Amino acid sequence: MAEMAIVADGLVKRFGDFTAVDDVSFSVARGEVVGYLGANGSGKTTTMRLLMGLLRPTAGSATVLGLDVACDAERIRPRVGYMSQKFALYEDLTVRENLAFYGGLYGLPLAELPGRVVTLAERVGLAGREDLLAGELSGGWRQRLALGIAMVHRPELLLLDEPTSGVDPAARRAFWNLIYEVAEEGATVLVSTHYMDEAEHCGRLGIMRSGRLLAWGAPAELKRQTVQGEIWELTADPLLTALAALQATPEVIEADLQGDRLRVQTKGGAGGEALLRTVLDAAGCTVTSLTPGEVTLEDVFLALAR
Ligand SMILES: Nc1ncnc2c1ncn2[C@@H]1O[C@H](COP(=O)(O)OP(=O)(O)OP(=O)(O)O)[C@@H](O)[C@H]1O
Ligand SMILES: [Mg+2]
């Protein structure tokens, strides 16, 4: 059994003269939950389609579960659960019928289907809704059904393409709990998202921009590597004068209004608290609170964009 669930080595995908995936290399060990973060059009879906063998790489190579995506796609697909961003449900079939249909499609023995449907419906939180038409399900429930379908054949690897887009926070949380349950049972999960808070919960993550993989690692590691200097949170009076003064300070990388406070990133070794107090004092502002802030993945994202 291959130790690595995914190894991408210099993957390139061009559409005409447009490069959608540009020299992307990474590896995912079995049992990992890896996030694949990137803005619209950054190449997340294209990467997943390459890994599923649905697209042929223009250059580079990849293996999935030890098999080459370019020539072994037919052996890969039965072992991978792919939840496409534009997943298809049969709207006029019930939850039960959808699960059974896809189970059959994936070659589960007929006698096994009813039991598998019960297990999956329970699994994804659709127990009691088995007889609803897929077309009657609201957003979050549709995603759950699509996840159930992706898992119907007990795949070793799940490729989930923005599975939580457009669902409410409670449903997103439930979805992530599910992802971790599945991973605990031994499955590997690569999940794309553009929600920073979700990426925060991944063991490791990749950050894509314009087809390039800008960073790959554990969230804490990426924060350490990419974000320089210090983060501060402060309140001052008048707040907008303080904001303007900080934004005009060369040692300040970024200053933003966040609700009723300011979040400030200063350059490393810039003098931190003392510097901020001096700047604000000179601007005629009274500092009412000043505390160190946490580095977030948003900071990582912005640092990489610079
Ligand atoms: N078949 C295709 N032909 C031409 N261009 C394509 C094709 N598929 C994708 N692209 C382009 O490649 C780029 C990357 O697309 P991709 O769908 O991989 O991005 P994404 O990160 O999944 O975006 P989103 O967050 O919107 O889903 C986009 O600019 C897209 O328009
Ligand atoms: Mg996409």
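Above this note sits the structure.
An account of the accompanying structure is given in this report. Being a predicted model, the structure only gives us computed values, none of them experimental. (Residues numbered from 1 in each chain as written. Chains lettered and ligands numbered in written order. Predicted model: local features only at pLDDT ≥ 70, side-chain atom pairs only at ≥ 80, totals over all residues. Heavy atoms only, no water.)

## Structural notes on the site of ligand 1
The following threshold applies: The cutoff for a nearby residue is simple: one of its non-hydrogen atoms must lie within 4 Å of the molecule or strand. Distance and chemistry together define a polar contact, namely a pair of N or O atoms within 3.5 Å, with one atom able to donate a hydrogen and the other to accept it when in protein, and with adjacent residues in sequence counting only for side-chain atoms on both sides. In short, Shrake-Rupley with a 1.4 Å probe defines the accessible areas, and a residue's cover is counted only from the protein chains shown. A run of H or I in DSSP counts as a helix once it spans at least four residues, and a run of E counts as a strand once it spans at least two, with each numbered from the N terminus. Classification convention: Asp, Glu, Lys, Arg as charged; Ala, Val, Leu, Ile, Met, Phe, Trp, Tyr, Cys, Pro as nonpolar; all other residues, Gly among them, as polar.
Near ligand 1, the surroundings consist of 13 residues, among which G41, K44, T45, T46 and Q85 are the closest. E162 has a polar side-chain atom sitting 2.9 Å from an oxygen atom of ligand 1. Considered on its own, ligand 1 offers 640 Å² of accessible surface; in the complex 62% of this is hidden by protein. Of all the secondary-structure elements, those providing two or more residues to the shell around ligand 1 are β2 (18-29) and α1 (44-51). It is α1 that contributes the most residues to the shell around ligand 1, three residues altogether. Class assignment for the residues of the shell around ligand 1 results in four nonpolar, seven polar and two charged.

## A look at the pattern of salt bridges
Here is the rule: Whenever Lys or Arg places a side-chain nitrogen within 4 Å of a carboxyl oxygen from Asp or Glu, that contact is recorded as a salt bridge. Three exposure classes are used, based on accessible area relative to the maximum for each residue type with a 1.4 Å probe and protein chains only: buried under 20%, partly exposed in between, and exposed over 50%.
Counted by the stated rule, this structure contains 17 salt bridges. Its salt-bridge partner being D22, residue R212 comes within 3.2 Å of it at the nearest N-O pair. Of the two residues, R212 sits in strand β10 (residues 212-217) while D22 sits in strand β2, which places them 190 residues apart along the sequence. Residue R212 is classed as partly exposed on the basis of its relative accessible area of 40%. Looking at D22, the relative accessible area reads 25%, which means it is partly exposed. One salt bridge in this structure joins R263 and D299, with 2.7 Å as the shortest N-O distance. Here D299 lies in helix α11 (residues 297-305) and R263 lies in strand β13 (residues 261-266), a separation of 36 residues in the sequence.

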